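This is what each chain is made of:
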Amino acid sequence: MRTRPQILAEIQAIAAATLGWRGEVSAATRLVEDLELDSLRALAFVVEIENRLRVRIQPEDETGLATVGDLAAVVELRQREHDAG
Amino acid sequence: MPAETRMPAETRMPAETLADLLAGAAAAGSGGLRFVGRDEEATFLGWDEVRRRAERARSWLVARGVRPGDRVGTVFRTAPGFFDAFFGLLAAGAVPVPLYPPVRLGRLGEYHRRTAAMLAAAGARLLVAEPLAARLLGEVVALGRGALELAVLDGLPQPAAGSPPAAPAADDLALVQFSSGTTVEPKPVALSHRAILAQVAALNRHWRHVPGASGVSWLPLYHDMGLIGCVFPALDVAAELTLIPPELFVARPALWLRTLSRYRGMVSPAPNFAYGLCLEKIADDELEGVDLSSWRVALNGAETVSAEVMRRFNRRFAPWGLEPRALTPVYGLSEASLAVTFSDLDRPFTSERFDAEALATSGRALPAPGGTELVSVGRPLPGFAVEIRDAAGAALPAAHAGRVWVRGPSLMSGYLGLPDATREVLVDGWLDTGDTGFLYAEELYLTGRAKDVLILRGRNHPPEEVERALDGLAGVRTGCAAAVSYRPPEAASDALLVFVESRPAPGLGPAALAAACRRRILAATGLAADRVLVLAPGTLPRTSSGKIRRREALRRFLDGELDPPRRVGWWRLLWAMIRSRRALARAGE
């Protein structure tokens, strides 16, 4: 099970590999505004997070997701469920 | 694909409906659907199993009040559930209206509004969805104001006693698909069984001579190219089709090529951007053991085809056995069920260079070395015809650009419930495609759209959607924005360019304003503007009634004529940027 900093590091790696993002990624990085997630990039990004971190982000998780920190929190929650289940 | 897997002619009734096709494929005992998952594991359903499942879904749907002729929205990802609902509805004599599943990471408001508008336009009172999607569809039902009900299809329903399957006629409505880009006013394209079967027959006749292999598709099933172009042709000849969920392709494009190799895929279509995405994303080590030599028909359609992307794709993947003749530019539109023209399958794609000035000013297509390179999308499929007409509707000779009109056996019956819109485009058996182009050496070359529409990644978007997003933004004159899409030289895909006229806003320079516009557009529409160009008030060309002329703005921009007036300060800086296209290319980033 990954810790929050490990999850953030993974998200940074996925942003680099999938989005070609060269900058720093922190918990405060905004998904739409900073990572410039249009619908196609958002899809690629979230699916790759699910694939690599072996989690399923649920529809209700996505409401109100604004930053990388929000996303990491959801991954942590779902990972815990996954491991428990 | 295999004429030899068809049932012998004497035991087979001629198929008149999609249900007949499924019955024929189930009886043939060959082929089916393979679903690839995220670890590349696959599950296979033979066509007979697809039919049995549909029968169970039918009784469930009938028990929910579905009656022949009802239009029913479906929201499913690429999984067996899509086909349970789809063929279940057909077996009940109802009309499926496949819609796309909710977007990921936000912008759900826009999704809800769009989906509700599409359902209303199709006259659907019921929406059938998979459980995961259904959790996000409550708002769509609420927007339906009591006229819409949601039914969740969770797994395969128990068989229930009920009425016998309905038997629709060839000219009955088979399915409703949306004219791509109908986000502001969704236009539901009504297709009869006869039209769809004619399209399927034309496609299979065209590639059938290629000795047997299967199809592979990552295209969404709510898209004509995915459903009518991949699923139905496989069904028609009881062949195998391997399906990859679109989101898995987008995240890892190598999965497409690996799947083609693993299952010896012969036919696999995609829009131009997908070929570009493969060039951008796939690393050699993802292609270990991959052999693309079975891929004979790599259709490229649904958006402007780029010669450069195809050349690079051929070079990049030749070492993995890709045949240069595989890439096949095609042209079609949802109003024609799908395809209208195909390039020759036995030779590499054709492109020609034409004098850009002559094309822009007189509409003449004059070959010119060093001119604009355009890709041929081929000749009409058997039974189809293409005519180029001027604005008044008179036929134009070869090598003259005009409006592209098409005729053929798979044209839509019309836009559902929109007789005026139908009359505008369907005239004496001909369809006005809204595209512009010309015939050269008997092949069709496309030059653009007659109507203002943004074509980005294979989807059409009304420019108003982008422009409206900027209303009320500090520094932007309300109603004074113009969005256009175009293909920059050497680029792999079309770019979104937005012109905005500014008004004084304290402390807001053009770069900051452009950045604010980009953010606003992205948040409202999910589209990333490649460039935002800030202009002085009154710069954009307008009609006599004051409407902004988008294509004229684009022409002036491309000709370097769209200059803001010289003023003090940052206007001068901006002017200098406009003079330098390269600087401009990064404006607003």
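What you are looking at is a predicted structure, and each value in this text was computed from that prediction instead of being measured.

Attention shifts here to the interface of chain A and chain B. In many reports, interface size means the accessible area that the parts give up when they come together. At the interface, 29 residues of chain A touch 25 residues of chain B. Of the roughly 2,600 Å² buried between chain A and chain B on both sides combined, carbon and sulfur atoms contribute 56%. At the boundary of chain A and chain B, one finds three salt bridges. Between glutamate 60 of chain A and arginine 135 of chain B there is a salt bridge, with its nearest N and O atoms 2.7 Å apart. Linking chain A with chain B are six residue pairs in polar contact (both at pLDDT 80 or more), by the criterion used here. Only helix 1 (4-19), helix 2 (39-53) and helix 3 (59-62) of chain A provide two or more residues apiece to the side of chain A that touches chain B. Within the side of chain A that touches chain B, the residues separate by chemical class into 15 nonpolar, four polar and ten charged.

Pairing between the strands of a sheet is mediated by backbone hydrogen bonds and can be parallel or antiparallel. Residue and element names in this part refer to chain B. Strand order in this open sheet of four strands is 4-3-5-6, and the pairing throughout is parallel. Each edge of the sheet is formed by a strand with only one pairing partner; in this case those strands are strand 4 (95-99) and strand 6 (149-152). On average, each strand axis in the sheet is tilted by 30 degrees relative to the strand beside it, whichever way the strands run. Bridge count for strand 5 (residues 126-129) against strand 6 is four bridges, and the pairing is parallel. In the sheet register, leucine 127 faces strand 6, and the bridge partner there is leucine 150. Along the sheet, helix 4 (residues 108-122) contacts strand 3 (71-75), strand 4 and strand 5; its crossing angle with strand 4, the most-contacted strand, is approximately 165 degrees.

What follows deals with the environment of leucine 119 of chain B. Residues and elements named next belong to chain B. Tracing the backbone shows leucine 119 in helix 4. Separated by 69 residues in sequence, leucine 119 and proline 188 have C-alpha atoms that sit 9.2 Å apart. Excluding anything up to four places from it in sequence, leucine 119 contacts Gly73, Leu99, Ala124, Leu127, Val140 and Leu148.

Glancing now at the pattern of salt bridges. Counted by the stated rule, this structure contains 41 salt bridges over all chains. Between arginine 52 of chain A and glutamate 48 of chain A there is a salt bridge, with the nearest N and O atoms lying 3.5 Å from each other. Placement of both arginine 52 of chain A and glutamate 48 of chain A in helix 2 is noted, with a separation of four residues, approximately one turn of the helix. Overall, the relative accessible area of 4% leaves glutamate 48 of chain A in the buried class. Salt-bridge contacts for glutamate 467 of chain B lead to arginine 550 of chain B; the nearest nitrogen and oxygen are separated by 2.7 Å. On the criterion of sequence distance, the pair formed by glutamate 467 of chain B in helix 15 (residues 463-469) and arginine 550 of chain B in helix 17 (residues 550-558) is long-range, its members being 83 residues apart. By relative accessible area, glutamate 467 of chain B is classed as buried at 12%. A relative accessible area of 12% means that arginine 550 of chain B is categorised as buried. Through salt bridges with shared partners, a single ionic network connects Arg296, Glu323, Arg325 and Asp346 of chain B.

Cut-offs and rules
Residues numbered from 1 in each chain as written. Chains lettered and ligands numbered in written order. Predicted model: local features only at pLDDT ≥ 70, side-chain atom pairs only at ≥ 80, totals over all residues. Heavy atoms only, no water. Contact = heavy atoms within 4.5 Å. Buried area = accessible area lost by both parts, 1.4 Å probe. Salt bridge = Lys/Arg side-chain N within 4 Å of Asp/Glu carboxyl O. Polar contact = N/O pair within 3.5 Å; in protein donor to acceptor, adjacent residues only side chain to side chain. Helix = DSSP H or I, 4+ residues; strand = E, 2+ residues; numbered from the N terminus. Nonpolar A, V, L, I, M, F, W, Y, C, P; charged D, E, K, R; others polar. Pairing = 2+ DSSP bridges. Axes fitted to C-alpha atoms, helices over the stretch in contact; angles between N-to-C directions. Buried < 20%, exposed > 50% of the residue type's maximum accessible area, 1.4 Å probe, protein only.

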